[in-house]
Amino acid sequence: LGKTVSDPKHRSSKYPLSTMSAPIKPTDITRHKAETLKVTNHYVKKEYDRLYEQAEVLMKQFNDLDRRVKITAMIESVRRKFKPVPGNTYWVDMGVSGDLCLSLIGKDDWAAGRPGQYVAQVERLGDSTWEVIDTHEDFESFWEKIKGDE
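Residues numbered from 1 in each chain as written. Predicted model: local features only at pLDDT ≥ 70, side-chain atom pairs only at ≥ 80, totals over all residues. Heavy atoms only, no water.

### A word on helix H1 (residues 29–76)
At 3.6 residues per turn, the α-helix brings residues three or four places apart onto the same side. So the rule is basically this: Numbered from the N terminus, helices here are DSSP runs of H or I no shorter than four residues, and strands are runs of E no shorter than two. Here the expected span of a helix is defined as 1.5 Å times the quantity of residues minus one. With a 1.4 Å probe rolled over the protein chains alone, any residue whose accessible area is under 20% of its type maximum counts as buried; one over 50% counts as exposed, and the rest are partly exposed.
For H1, spanning 48 residues, the distance from its first C-alpha to its last is 68 Å, which sits close to the expected 70 Å at 1.5 Å a residue. Buried within H1 are the following residues: Arg67, Arg68, Ile71, Thr72, Met74 and Ile75.

### Examining the side chain of Ser103
Counted only if it meets this: Distance and chemistry together define a polar contact, namely a pair of N or O atoms within 3.5 Å, with one atom able to donate a hydrogen and the other to accept it when in protein, and with adjacent residues in sequence counting only for side-chain atoms on both sides. Contacts are assigned to residue pairs with any non-hydrogen atoms lying within 4.5 Å of each other.
Within the secondary structure layout, Ser103 lies in strand E2 (residues 100–103). Ser103 sits in the buried class, given a relative accessible area of 8%. Side-chain polar atoms of Ser103 contact the backbone nitrogen of Ile105, separated by 3.0 Å. Leaving out residues up to four positions away in the same chain, Ser103 has contacts with Phe82, Tyr90, Trp91, Asp93 and Trp110.

### Remarks on the pattern of salt bridges
We count it as follows: Think of a salt bridge as a Lys or Arg side-chain nitrogen and an Asp or Glu carboxyl oxygen that are within 4 Å of each other.
Throughout the structure, instances matching the rule amount to 8 salt bridges. A salt bridge links Lys70 to Asp66; the shortest N-O distance between them is 3.2 Å. Of this pair, Lys70 and Asp66 both sit in helix H1, 4 residues apart, which is roughly one turn of that helix. The salt bridge partner of Asp127 is Arg68, with a shortest N-O separation of 2.4 Å. Here the residue Asp127 occupies a position in the loop between strand E3 (117–124) and strand E4 (130–135), and Arg68 occupies one in helix H1, the gap between them amounting to 59 residues. Judged by its relative accessible area of 43%, Asp127 is partly exposed.

### Some remarks on the sheet that holds E3
Quick note on the threshold: Note on pairing: DSSP must find at least two bridges between two strands before they are called paired. Axes, fitted as lines to C-alpha atoms, cover a helix only where it is in contact. Angles between the N-to-C directions of the axes lie from 0 to 180 degrees.
Reading across from one edge, E2-E1-E3-E4 is the order of the 4 strands in this open sheet, with antiparallel pairing throughout. Of all strands in the sheet, those bounded by a partner on one side alone are E2 and E4. On average, each strand axis in the sheet is tilted by 30° relative to the strand beside it, whichever way the strands run. In this fold H1 packs onto E2, E3 and E4, with an angle of close to 80° to the strand it touches most, E4.

### A short note on the pairing of strand E1 (residues 89–94)
Alignment of E1 against E3, held across 6 bridges, turns out to be antiparallel. Across the sheet, Asp93 pairs through a bridge with Tyr118, a residue of E3. Both E1 and E2 contribute to a ladder of 4 bridges, which runs antiparallel. Pairing of Met94 across the sheet is with Leu100, part of E2. Two successive antiparallel strands, E1 and E2, enclose a turn made up of 5 residues, where Gly98 displays a positive phi of approximately 95°.

Everything listed is a geometric property; what it means functionally is a separate question.
Okay, structure coming up:
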């Protein structure tokens, strides 16, 4: 006995049924979901951008290494009569027969004139690959083709 209708254990509904009851404002679920999705998208985009930047750096490193390997393969096939030393600069020349050769003598160091045509200045790197330092303008497309095969 002593139990009233306002006793929470005896309510037939968990919602107030009387106009005198305290108002209950329902949560706007749609707005809450939209705000949550907006915050989630913001952080996902930041993470995506960070990963994309890392991927770009890795792809640049991969492309640079790939280009050096292709240049190395080409230069290793060039005629030479000495053993290149890492850290030194050499010059690639094209002889009158069209053969490429590696030279110790720079493009401007020939006293009696260059016997062939200057193609490029290259450097032997410590990992035994080659890096192109300078290119004759007529052979720019030659080196661009090697870069373009990336």
